[in-house]
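Fold and contact review
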Amino acid sequence: MKGNLMIQGTMSNVGKSLFTAGLLRVLMQDGFSAAPFKSQNMALNSYITAEGLEMGRAQVMQAEAAGIFPEIAMNPILLKPNSEMGSQVIVNGEVVGNMKAEEYYRKKKEYIPEVLKAYHKLERKYGIIIIEGAGSPAEINLREYDIVNMGLAEMVDAPVLLVGDIDRGGVFAQLYGTVALLEESEKKRVKGFIMNKFRGDRRLLEPGIGMLYDRCRIPVTGVIPYTELDLDDEDSMAERLLSGRRPELIDIVVIRLPHISNFTDFNPLENIENVSLRYVSTLRELGTPDLILLPGTKNTMHDLYWMRENGIEKKIKTLVHKNISLLMGICGGFQMMGRELSDPHCLEWEGRMRGMDLLPLRTVFEEMKVRSRVSGEILPIGSGGNQIYQSLSGSTFSGYEIHMGRTESMEELGRLSSIRHLDDDTRQQDGFVSGSCMGTYVHGIFESGSFCSNLVQLLFDRKGLAWTGRKQIDYLTYKNSQYDLLADIVREHTDLKAIYHMIGMS
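Residues numbered from 1 in each chain as written. Predicted model: local features only at pLDDT ≥ 70, side-chain atom pairs only at ≥ 80, totals over all residues. Heavy atoms only, no water.

Some details on the nonpolar core
Note the following rule: What is meant by a nonpolar core is a set of buried Ala, Val, Leu, Ile, Met, Phe, Trp, Tyr and Cys residues, joined one to another through side-chain atoms within 4.5 Å. Partly exposed residues are those whose accessible area sits between 20% and 50% of the maximum for their type, while under 20% is buried and over 50% is exposed, using a 1.4 Å probe and protein chains only. Every helix listed is a DSSP run of H or I at least four residues long, and every strand listed is a run of E at least two residues long, numbered separately from the N terminus. Here, two residues are considered to be in contact whenever any of their heavy atoms come within 4.5 Å of each other.
Within the largest apolar cluster, 86 residues are counted, with the highest numbers of intra-cluster contacts made by Leu5, Phe19, Phe37, Ile130, Ile131, Phe193 and Met195. The element that contributes the greatest number of residues to this core is helix α1 (residues 16-29), accounting for six residues. Aside from chain neighbours lying at most four places away, what touches Leu5 is Leu23, Ile129, Ile130, Ile131, Pro159, Val160, Leu161, Ile499, Met502 and Ile503.

Here it is, written out as structure tokens:
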């Protein structure tokens, strides 16, 4: 069979991505071949496919939920914001350039053939396509050349489920107002409403649900309760980035940079017993953590300047030099830790900038983006004053590289790991370790292998504490349990028979 369904929302962050993932998991469990699709995604969390192409993490998460491998056709256009008004535009996994919003709006009509080509490629391979929209279909100022909401639904003839966020309040106005602003032909595509993030007794909603149906003749197909799930977030609106979590026995802090990207790197650290993972953006919140993580960023030099201006850089250096905190940088965070950053092509910040001077490195930003999946192991550590990390020697990991800069070492000692590029099977050394500091270009380093568990063990040992947790953290098994929980919620709180009918399965 061939069928499709589009999940749209009344606004951003109403739960479209997770509902799509949950429905895909249900379909997988019921024996159907299904895949996710999002024509245009704006997010700083990205992923490198087996072919070395870049796509949004949300569709990777949805592919995992569906039990299939992610591929670039699931997200043909990715926009990665790099300024208040512009983004890096990636089409079919390749960078086509940086564009201001107005320029991209004028050009996006040209990308329609690529969107349809990707969709039809998935359609030939899978029986059902679950499509995710973006933002809201009621953005009437952007209706012309729409390629991600109702415009796409029309192109691929997809019925629509509209999701509203009841936790923000005004869900009846969200749903009714959105439909009221649609064209008549678009209204006919909306086959049901989903009220998401509900807290309370559903019986209190029933009068409003009846009145909503009387006004627009569209049924409420599901009321999803507010549920804490630990799955990859799409963007910086994620609740996990909010401050307020209290430190545990082992306190790990991620610096919430203005252009933070790929913060999903740190998700495996969140559910380890007696370990806290906190995102902080002020000097007051920083405290004296056991480990400070500098994440990836879409604008390394701008975000380093931000840390320099608000005093976070100075505090980090003090904590590191006094051996109070360990420091680890990934990708952009790794680049910041060097002695100098240079941008001769004005990709981020014209000219040169002094780095944090914690590692003997120099980074030059280049126009060609490095994209590769890798696996590797930590090199023997223990010489050259690097004994702090010697227990990590031999730790294994896998992940991917995605960066614009080329980083050169000014010293021979201190290379962190040996990595193998899975796309061309070449080997090289990656990262650097010196004193309390280490850095790497590898995203996903905590997700598989022994690196994560060995690092946590090191942190407990430094404080003279016994770690009674799992010695090998099986993050994939944990994620699958979360997908199953999400599917259970979708089954219990939606009219699946109606949804299957919308897809064309009855």
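Brief notes about the packing of aromatic side chains
Formally: Two aromatic rings, drawn from Phe, Tyr or Trp (for Trp, its six-membered ring), form a pair once their centres lie within 6.5 Å of each other, and the interplanar angle then sorts them: stacked below 30 degrees, edge-to-face above 60, tilted otherwise.
Per the stated rule, a full pass over the model turns up nine aromatic pairs. When the centroid spacing of 6.1 Å and the interplanar angle of 50° are considered together, the rings of Phe266 and Phe446 count as tilted. With Phe266 in the loop between β14 (260-261) and β15 (275-280) and Phe446 in the loop between β25 (437-440) and α13 (451-462), the pair connects residues that are 180 residues apart, well separated along the chain. One exposure class covers both Phe266 and Phe446, and it is buried.

Some details on the sheet that holds strand β10 (residues 160-165)
Keep this limit in mind: Following DSSP output, two strands are said to pair if at least two bridges run between them. Every axis in this analysis is a line fitted to C-alpha atoms, fitted for helices over the stretch in contact. Angles between the N-to-C directions lie between 0 and 180 degrees.
With parallel pairing, six strands are arranged side by side in an open sheet as β2-β9-β1-β10-β11-β12. Each edge of the sheet is formed by a strand with only one pairing partner; in this case those strands are β2 (34-37) and β12 (220-225). For this sheet, the mean angle separating the axes of adjacent strands, direction not counted, is 20°. Strand direction decides the pairing type here: β2 and strand β9 (residues 128-132), joined by four bridges, are parallel. Residue Ala34 lies in a different strand from β9, and its bridge partner there is Ile128. Packed on one face of the sheet, helix α2 (residues 57-66) meets β2 and β9 and runs near 170° to β2.

A closer look at the sheet that holds strand β6 (residues 77-81)
The strand order across the open sheet built from four strands is β3-β6-β7-β8, with neighbouring strands paired in mixed fashion. Strands at the two margins of the open sheet, each flanked by one partner only, are β3 (40-42) and β8 (94-100). Each strand axis lies, on average, 25° off the axis of its neighbour in the sheet, ignoring direction. Direction of pairing for β3 relative to β6: parallel, over a ladder of three bridges. Its bridge partner being in β6, Gln40 is matched across the sheet by Ile77.

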